[in-house]
Each structure stands twice: as C-alpha cells, then as structure tokens.
Amino acid sequence: MMAPSALLGTVCLTLVLTGSLVDSRAKRSKRQAFDPFSDPFGPGAGAGSCKPIQAPTNGNIDCGDNIPFYTCTARCDDGYKFETNDNIIVRECDSSSGEYFPLTGESLAPGEKPTLPICERK
C-alpha cells in the first residue's frame, strides 16, 4: 500500500497530465478541417454576392445555393409558358464574382442582373 503523501503526489501528477491532454485535444479540435462545401473565398463572398432575380409576371422564382453555383429557377404558373415555350428557366450565378452567366445569344454587362421574360397564357 502507498503512503498517503505518495498517493497524493500520484493523484496530482495524474490531474496535471490529464489537464494537459485535454488542453492539447481542445487545441487540435480548433484546427480548420477541409470542407468541400465551404466558401473558398471567405465570409461575405460567395452566394451573398449573387442577388436574386425578380420573379416573372404570372410565375414564381426560387433562388438559393446549389454547389457550385447560386441558382435561380423560374417557373410559370399553370396555363402559362415563357415566350420560348418553356415552363422553367434556370439562371446560374458565379458565387465568387456575383456575375450571372448569360444564356445563348444574351449579352449581360458586368454586374447586370438578368431579367426574365413574361409568362404568357398558352
């Protein structure tokens, strides 16, 4: 059996070593892990740079993050279609620059949000 003073020394040493181990683990858990879905451009960049597009007349729009782009999906109400005869138009925005990609034959100035055609009764 150990003497009380030796036992007290062992307990103190154990507490000190356990505290050091817990502290080192806490520091390790604060390291940044690679997250493939995080914004590589930092807070404030990314999808926050992309502005939602106004919903078309006689339709609705749903905008949000869609890896790797910010996406707006416009839909016409029942009984309506876009002049292109489509019921859905999808627009994508580059999250790093906040610029929307132009559709074929479309010209967008830097920083310009695209407009959607009106949904017409069909």
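Scroll up for the structure.
Please read these numbers as outputs of a predicted model, since none were measured by experiment.

The rules behind each value
Numbering of residues begins from 1 in every chain and follows the order in which that chain's sequence is written. Reporting in this predicted model follows two pLDDT cut-offs: at least 70 for local features of residues, and 80 or more for side-chain atom pairs to be given and counted; totals over whole chains, interfaces and linings ignore these cut-offs and use all residues. Only hydrogens and water are removed before side-chain values are computed, so all heavy atoms of the structure are retained for them. Counting from the N terminus, the helices are the DSSP runs of H or I reaching at least four residues and the strands are the DSSP runs of E reaching at least two. What makes two residues a contact is simply this: any of their non-hydrogen atoms within 4.5 Å. Should a side-chain nitrogen of Lys or Arg be within 4 Å of a carboxyl oxygen of Asp or Glu, the pair is scored as a salt bridge. When a residue's accessible area, from a 1.4 Å probe over protein chains only, is under 20% of the maximum for its type it is buried; when over 50% it is exposed; and in between it is partly exposed. Our working definition of a disulfide is a cysteine sulfur pair at a distance within 2.5 Å.

Looking now at the environment of Leu-103. Along the polypeptide, Leu-103 turns up in the loop between β5 (99–100) and β6 (120–121). C-alpha separation for the pair Leu-103 and Glu-92, spaced 11 residues apart in sequence, amounts to 9.6 Å. Residues contacting Leu-103, with those up to four places away along its chain left out, are Val-90 and Arg-91.

Taken as a whole and assessed by the stated rule, the structure comprises 2 salt bridges. Residues Glu-106 and Arg-91 are paired through a salt bridge, measuring 2.7 Å at the closest nitrogen-oxygen approach. Residue Glu-106 is found in the loop between β5 and β6, and its partner Arg-91 is found in strand β4 (residues 88–94); the two are separated by 15 residues along the sequence. Linking Lys-122 and Glu-120 is a salt bridge whose minimum nitrogen-to-oxygen distance equals 3.8 Å. Its relative accessible area of 52% is what places Lys-122 among the exposed residues. Using a relative accessible area of 35% as the deciding quantity, one classes Glu-120 as partly exposed.

Take the state of the cysteines next. Think of a disulfide as a covalent bridge from one cysteine sulfur atom to another cysteine sulfur atom. The final tally for this structure, using the stated rule, is 3 disulfides. Between the sulfur atoms of Cys-50 and its disulfide mate Cys-93 the distance is 2.2 Å. Judged by the sign of its S-S torsion, about -85°, the cystine formed by Cys-50 and Cys-93 is left-handed. With Cys-50 in the loop between α1 (4–29) and β1 (59–66) and Cys-93 in strand β4, the pair connects residues that are 43 residues apart, well separated along the chain. Cys-50 gets classed as buried once you look at its relative accessible area, which sits at 4%. Disulfide partner of Cys-63: Cys-72, at an S-S distance of 2.1 Å. The chirality of the disulfide connecting Cys-63 with Cys-72 is right-handed, given an S-S dihedral of about 115°. Given a relative accessible area of 24%, Cys-63 falls into the partly exposed group. Cysteine pairing for the protein, with bonded cysteines counted in sequence order: 1-5, 2-3, 4-6.

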